[in-house]
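Next come the chains, spelled out residue by residue.
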Amino acid sequence: MRPFRYHRPAGVAEAVAVLAAEPQAAYLAGGTNLVDLMKLGVQRPDLLVDVTRLPLDAVEELPGGGLRIGATVRNSDLAAHPVVRRDYPVLARALLAAASGQLRNLATTGGNLLQRTRCVYFQDTGKACNKREPGSGCAARHGQNRDLAVLDWSDLCVATHPSDLAVALAALDAVVEVHEPDGPRDVPLAALHRSPGEHPERETTLARGALITAVRLPHLPAARRSAYLKVRDRASFAFAVGSVAAVLDLDGDVVRDVRLAYGAVAHRPWRAYRAEEELRGRPFSPQLAARAADAELAEARPLRHNGFKLPLTRAITVRALTELAEGTPAP
Amino acid sequence: MTTGAVGQAYPRLEGREKVTGAARYAVEYPVDGVTYGWAVPAAVVRGRITRVDAAPALALPGVLSVVHHGNAPRLAPGPEPDLWLLQEPAVHYRGQLIAVVVATSLEAAREGARLVRIDYDAGPHSTVLTADHPGLYRPDQVNPSYPTDTAEGDFDAGYAAAPVRMDATYRTPAYHNNPMEPHATTAQWRDGRLLVHDSNQGAAPVQATLAELFELPRESVRVITKHVGGGFGGKGYAKAAVVLAALAARQVDRPVRLALTRQQVFGPVGYRTPTIQRVRLAADTDGRLTAICHDAISQTSTLREFAEQTAVYTRSMYAAPHRRTTHRLVRLDVPTPFWMRAPGECPGAYALESAMDELATVVGIDPVELRIRNDPAVDPELGRPFTSRNLVACLRDGARRFGWAERDPTPRARRDGRWLVGTGVAGASYPARSRAAAATATARRDGGFLVRIDATDIGTGARTALWQVAADALGVPPERVEVQIGDSDLPPAGVAGGSMGTASWSWAVIRACEALRAKLRDTPGGGPSDGEVTAEVSTADEVRDQPALPRYAYGAHFAEVRVDADTGEVRVNRLLGVFAAGRVVNPTTARSQLIGGMTMGLSMALHEEGVLDERYGDWVNHDLATYHITGCADVERIEAHWLDERDGELNPAGVKGIGEIGIVGTAAAITNAVHHATGVRIRDLPVRLDKLIGLSGLA
């Protein structure tokens, strides 16, 4: 482990200024991902700026409806928050489907969004990875890629974003409040993460030094009927091999509004706009949900070991939406 | 056996120490001036180290030394090439531990290990086991000393003539023993003597190996192994950590603590070999087996031959007039495989018990009944009656408890909402062996007793079991007995392995206690008046003279699974095992062993898989986040029961050992249940949703 300095900033502006001035500094929040990566030599910051004592740990109901979630609110606390449980069940379920109780007690809202891919090649400094070391190649592209992307990957990177929370937030049209060296800014969740393209080492659209300070959920009454469905290889403590976050608003049988996002398929949480388009304005049926998933996945390019993600994602789309339509989302 | 401590459900003697954190493990002993070692893995698969540049590491504050083949203390070349570490520039597999960085802090050692620059000349490699590998060969014997191939009757003719046949090939991947505590050692040299606190399954064999490697008299090496955070076979003998720690400590002339990283546990200390197993069964129309053939392929390394006895299980499990078993090996550029819970029996039973299920389907006979019909009266190998064989009783009792009678044999006939539900059964057996051991029993002046034996408690409850056995053998309440184990200074005993621990150690303990009682009877006043009285025994002669009889524990495994019709997710509703394993010394620790084995079998069936990337010659999922081991949420209902079995041909305590029998049939019971649920037979483990979703069009 590389020796590093530790700094506890007095405020957000100071934290951002320090990060902007120190090219090898990193923010430390829950540390559930960063500390592992430091031990593995994958991330080697020389300065940790600990943001956990900043006053960013509140969950506030907004005047016009909606919720502001402080960046350092712990995953466990957020999942248990009564307003989240009542108004945004998709969010509570996504949080509780993630990691383990111990990890959720530490992991923060902001940190969760910025966690790194769990691609095994990224996490092993003995193997080629463009994300870890630009120009070194992508060992996963023709290697063991069962868990990796089927959508929007590039020849330089086939990693997936591992977060469950981010998938739920993508479906909810959440807005990320960030503080950058130039000042505060709002970033729609859907615009926070990048496609891998030519620069898989650049994972977000944030400026160097940017600090996520909060995540804002819009007023969305339809989200009371929402669900998160996660499929994984064992019953707990595993990353998704497929997941879907869904909000369904029906007018009688007709889909008045729908929000759909996928996890475990791409380099970013995947908002399924095409599927939503197929669904909106039509009478709901499981067949329609299947057609919508197919439309979304039409441009998927499975890798050698992950073709199963297409029928899997289709199946969980149908199930999540059908259960919401029937008013019986499975716990 | 007057006081009756044996059979009582005592909690583990050291339980409180463990759960409060007071129990010390190998790298937790306070040692003055201790330093820290960090092992460096090879970055190529096969080749030679051409240069080691230690300068960048040595420049780091706190780094004391970089120990490698160019400067390491010399070891005697021994029979264990895997342990001839830091002696030569050759690299035999990726991840081979080729240097140790020693520093005054763990962090500096770790960073130093990253900074060491090593250059290699690398050659081509072969790391993937295939059924047609050009390097396949026939080993002279398989572990530990079984014949490689056996044949009786004429399998080919018998098979060809039979009215009912099945022929299938089963594959199991590499499995990695992952005890909570990795291989870990604190090593100290004092006046030419070596003291190690080490995590292993037997202090005496580690002592012997270290003495041999460092060319010391055995009494100059002491190995202390008081608590061990699991082993599952992988710590059965001395492994890399203890040798590297001892080398490093000698090099820096200071005590060294060295624990392997989780990643380093995946390979350099062994793993269960992948297997490819073809099983052919033939039967008459009543399901009576007429021909059995089990051909097993597994891998070993270029360093040493390790021949997993995969098909040996088949030799005594079911009888038929025409029988054949074979083993073939390939030497690959991989680390040497090693023991993992029920080596041989575990993968072998998966194949045979799956094949029996397939045969049951072909012949249209209930799989419990099929096994009962084929239960041999005498051991098919030795031609002699089993000392006890209660497979049928286990099957019947299990079937009753499980509610098997109500089962509709039709595959894919049961549905619970989106879940397809099915049930499966498998048999299991594991040899009941004993090894020689020595022990002492001492009567103390205060009326207490001390029993000393170099047994090892790797978390099983062995310490507690021996304490109960000793109390009964002495005829005193257990509170008056103290048991000391886990130290090579104690009377020597074999490893905690092969389900032989309690059988072997209790034998010596009972004999020592008997000898002490005899001695006390001859002592005026019947007790120590002015000193302690000690009796020392060895069971070497008794164990050696034991007649060669077929001695086995048996079990019947039942599983109910559900498979998600849309996603292919598999979950286990219920696991039930019934075992016939001789006398059970402690129901609490026995149950823990049995359900632990069953859970590990569940893990094998559904979750565990070492995923190899041939280009790197290495497993890519080498941590507990990516190498999935069954979690608590996967174990929904699990029951272990046992029959009251008395077998006078075993050992004085009448125990068969229970460390391994729990895993043996579990995977087959689960995969048989998956077939019953879905109609799809997956023959390569683990059974995962991607295999089912693609094959069955389940929905």
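No experiment lies behind these values; they were computed from the predicted model shown.

Conventions used here
- Residues numbered from 1 in each chain as written.
- Chains lettered and ligands numbered in written order.
- Predicted model: local features only at pLDDT ≥ 70, side-chain atom pairs only at ≥ 80, totals over all residues.
- Heavy atoms only, no water.
- Helix = DSSP H or I, 4+ residues; strand = E, 2+ residues; numbered from the N terminus.
- Rg over C-alpha atoms; globule rule 2.2 N^0.38 Å.
- Areas by Shrake-Rupley, 256 points an atom, 1.4 Å probe, with all protein chains shown as cover.
- Lys, Arg positive; Asp, Glu negative; His and termini not counted.
- Charge placed at Lys NZ, Arg CZ, Asp CG, Glu CD.
- Pairing = 2+ DSSP bridges.
- Axes fitted to C-alpha atoms, helices over the stretch in contact; angles between N-to-C directions.
- Contact = heavy atoms within 4.5 Å.
- Buried area = accessible area lost by both parts, 1.4 Å probe.
- Salt bridge = Lys/Arg side-chain N within 4 Å of Asp/Glu carboxyl O.
- Polar contact = N/O pair within 3.5 Å; in protein donor to acceptor, adjacent residues only side chain to side chain.
- Domains from an automatic or database assignment.
- Buried < 20%, exposed > 50% of the residue type's maximum accessible area, 1.4 Å probe, protein only.

Draft legend 1. Broad picture of the overall build of chain A. Counting its secondary structure elements, chain A contains 11 helices and 12 strands. Its C-alpha atoms give chain A a radius of gyration of 19 Å, within 12% of the compact-globule value 20 Å for 331 residues. Principal-axis analysis of the C-alpha atoms gives chain A an extent of 60 × 50 × 35 Å. Surface exposure of chain A reaches about 12,900 Å², of which carbon and sulfur atoms provide 50%. Taken together, the 42 basic and 37 acidic charged side chains of chain A have centroids lying 4 Å from each other.

Draft legend 2. Seen up close, the sheet that holds strand β18 (residues 414-416) of chain B. All names here are of chain B. Taken in spatial order, the 5 strands of this open sheet run β18-β19-β24-β25-β28, and their pairing is mixed. In the strand order of this sheet, the two ends are held by β18 and β28 (638-642), each with one partner. Strand-to-strand, the axes of this sheet are offset by a mean angle of 25°, without reference to chain direction. Where β18 meets strand β19 (residues 419-431), 3 bridges bridge the pair, whose relative direction is antiparallel. Bridge assignment links arginine 414 to a residue of β19, and that residue is valine 421. Together, β19, β24 (552-564), β25 (570-580) and β28 form the strand contacts of helix α11 (residues 391-402), whose direction differs from that of β24 by roughly 30°. Seen against the sheet, helix α15 (residues 587-606) touches β24, β25 and β28 and runs at an angle of roughly 130° to β28.

Draft legend 3. Looking closely at the interface of chain B and chain A. Each side of the interface is counted separately: chain B has 34 residues, and chain A has 33 residues. Here chain B packs against chain A, burying approximately 2,800 Å² in sum over the two surfaces, 53% of which is carbon and sulfur. The largest per-residue losses of area from chain B upon contact with chain A belong to Arg110(B), Tyr616(B) and His628(B), which jointly make up 17% of the total buried on that side. Across the salt bridge formed by Arg319(A) and Asp564(B), the nearest N and O atoms sit 2.7 Å from each other. In this structure, the connection of chain B to chain A is made through 16 residue pairs in polar contact (both at pLDDT 80 or more).

Draft legend 4. Inspection of the domain arrangement of chain A at higher detail. Splitting chain A by domain gives domain 1 (5-47) and domain 2 (225-325). Distance from the C-alpha centre of domain 1 of chain A to the C-alpha centre of domain 2 of chain A: 36 Å.

Draft legend 5. Seen up close, the side chain of Arg681(B). All names here are of chain B. Along the chain, arginine 681 turns up in the loop between α17 (666-678) and α18 (689-696). For arginine 681, a relative accessible area of 14% puts it in the buried group. There is a polar contact of 2.9 Å between the side chain of arginine 681 and the side chain of aspartate 357. A polar atom in the side chain of arginine 681 sits 2.9 Å from the side chain of asparagine 672. In contact with arginine 681, not counting residues within four places along its chain, are Ser354, Asp357, Glu358, Thr361, Thr671, Asn672 and His675.

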